[in-house]
Amino acid sequence: MREIVLDTETTGFDPESGDRIVEIGAVELWNHVATGETYHVYINPERSMPDEAFGVHGIGPDLLENPRPPEKGEVTLKDKPVFAKVGQGFLDFVRDSKLVIHNASFDMKFLNAELRWMGLPTLPMDQALDTLAIARKRFPGSPASLDALCRRFNIDNTNRVLHGALLDSEILAEVYLELIGGRQPDFGLSTSAASAAGGGDDWRPTARPTALPSKITAEERAAHDAFVEKLGENALWTRA
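Residues numbered from 1 in each chain as written. Predicted model: local features only at pLDDT ≥ 70, side-chain atom pairs only at ≥ 80, totals over all residues. Heavy atoms only, no water.

Draft legend 1. Broad picture of the overall build of the chain. Assigned secondary structure in the chain consists of 8 helices and 5 strands. When its helices and strands are written in sequence order, the chain yields β-β-β-α-α-β-α-β-α-α-α-α-α. Every one of the 240 residues in the chain was classed for burial, and the buried ones make up 42%. Once local pairs closer than 6 in sequence are excluded, the contacts in the chain between residues at least 24 apart make up 62%. (Helix = DSSP H or I, 4+ residues; strand = E, 2+ residues; numbered from the N terminus. Buried < 20%, exposed > 50% of the residue type's maximum accessible area, 1.4 Å probe, protein only. Contact = heavy atoms within 4.5 Å.)

Draft legend 2. Structural context of the side chain of Ser169. The residue Ser169 is located in helix H6 (residues 165-179) in this model. Given a relative accessible area of 0%, Ser169 falls into the buried group. Aside from chain neighbours lying at most four places away, what touches Ser169 is Val5, Leu6, Asp7, Gly25, Ala26 and Val27.

Draft legend 3. Spotlight on the pairing of strand E2 (residues 21-30). Most of E2 sits inside the fold, with 9 of its 10 residues counted as buried. Summarising the sheet, strand E1 (residues 2-10) and E2 pair through 9 bridges and their orientation is antiparallel. Directly across from Thr10, in E2, lies its bridge partner Ile21. One ladder, built from 7 bridges, connects E2 with strand E3 (residues 33-42); its direction is antiparallel. (Pairing = 2+ DSSP bridges.)

Draft legend 4. Summary view of the nonpolar core. Formed by 25 residues in total, the largest nonpolar core has its most connected members in Ile24, Tyr39, Phe90 and Leu123. Sequence-distant contacts of Leu123, defined by excluding residues within four places in its chain, comprise Phe90, Leu91, Val94, Leu99, Met108, Leu111, Asn112 and Leu115. The next biggest cluster of nonpolar side chains, apart from the first, holds 21 residues, and it includes Val5, Val100, Ala173 and Tyr176. (Core = buried A, V, L, I, M, F, W, Y, C linked by side-chain atoms within 4.5 Å.)

Draft legend 5. Structural view of the sheet that holds strand E4 (residues 98-101). On the basis of which strands lie adjacent, the open sheet formed by 5 strands has the order E3-E2-E1-E4-E5 and mixed pairing. Of all the strands in the sheet, the pair left with one neighbour each is E3 and strand E5 (128-130). Going from strand to strand, the sheet's axes swing by 25° on average, the running direction of each strand aside. The sheet contacts of helix H3 (residues 104-118) involve E1, E2, E4 and E5, and relative to E1 the element is tilted by about 80°. In this fold helix H4 (residues 131-138) packs onto E4 and E5, with an angle of close to 35° to the strand it touches most, E5. (Axes fitted to C-alpha atoms, helices over the stretch in contact; angles between N-to-C directions.)

Draft legend 6. View of the environment of Tyr39. Looking at where Tyr39 falls in the secondary structure, it is placed in strand E3. Residue classification places Tyr39 among the buried residues on the basis of a relative accessible area of 12%. Taking C-alpha positions, Tyr39 is 7.6 Å from Ile24, a pair spaced 15 residues apart along the chain. Excluding its chain neighbours within four sequence positions, the residues that come into contact with Tyr39 are Ile24, Gly25, Ala26, Val86, Gly89, Phe90, Phe93 and Leu166.

Draft legend 7. Representation of the packing of aromatic side chains in the model. A full pass over the atoms with the stated rule returns 4 aromatic pairs. Grouped by ring-pair contacts, the aromatic residues Tyr39, Phe90 and Phe93 constitute a single cluster. Cation over ring: Arg2 sits above Phe93, and NZ or CZ is 5.3 Å from the ring centre. Taking the ring centre of Phe139 as reference, the NZ or CZ of Arg152 above it sits at 3.7 Å. (Phe/Tyr/Trp six-rings, centres within 6.5 Å; stacked < 30°, edge-to-face > 60°. Lys NZ or Arg CZ within 6 Å of the ring centre and 35° of its normal.)

Printed below as a string of structure tokens:
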């Protein structure tokens, strides 16, 4: 089972009002195991960057209304591709895999707007799995932000000073696995991410071809037999 854990960063809240995607980050899971395959791209939104959005993710200081030289670690967008150059590649990566997204309606709204403007197929909403909804159902009344869930599950998010699509998707992958019952929710312990990615059957324990030798000594066995004999014919050990 292939799943894509995904996050986006944008210039605002509403694509129909002119907001655009500026970053997409995604990680691949196979049978709930990270394969190491990722998708990450920065996108030139072809518009200015509002101060409020820049304060959230720190992307695109060169697109601010009053641009300034980028500081160390800041990502500029003027030289990045527009969505029309990356949209098909994004679809080729996600294919028909389940998309694991925190607050899925937000990201799906932006992704489908960008795809629609390109004339590309949009993503059906039932392809998305919303971890925010899962968290609210599991922990009603408790905070369900990504940071709150990291605290609940003791997941290290100290590098998350600003929002970033790839980092957030990597953190969300850990949160998702905890939400569905831990890293091995079905107890099918994959020997490695590589074997999981190969598409073969999950490893399952099987009976040993040869029984392990007993660690009970002859003296211990004799003492046990004497104890059982004293209990009489109704002793548990005498039943077939």
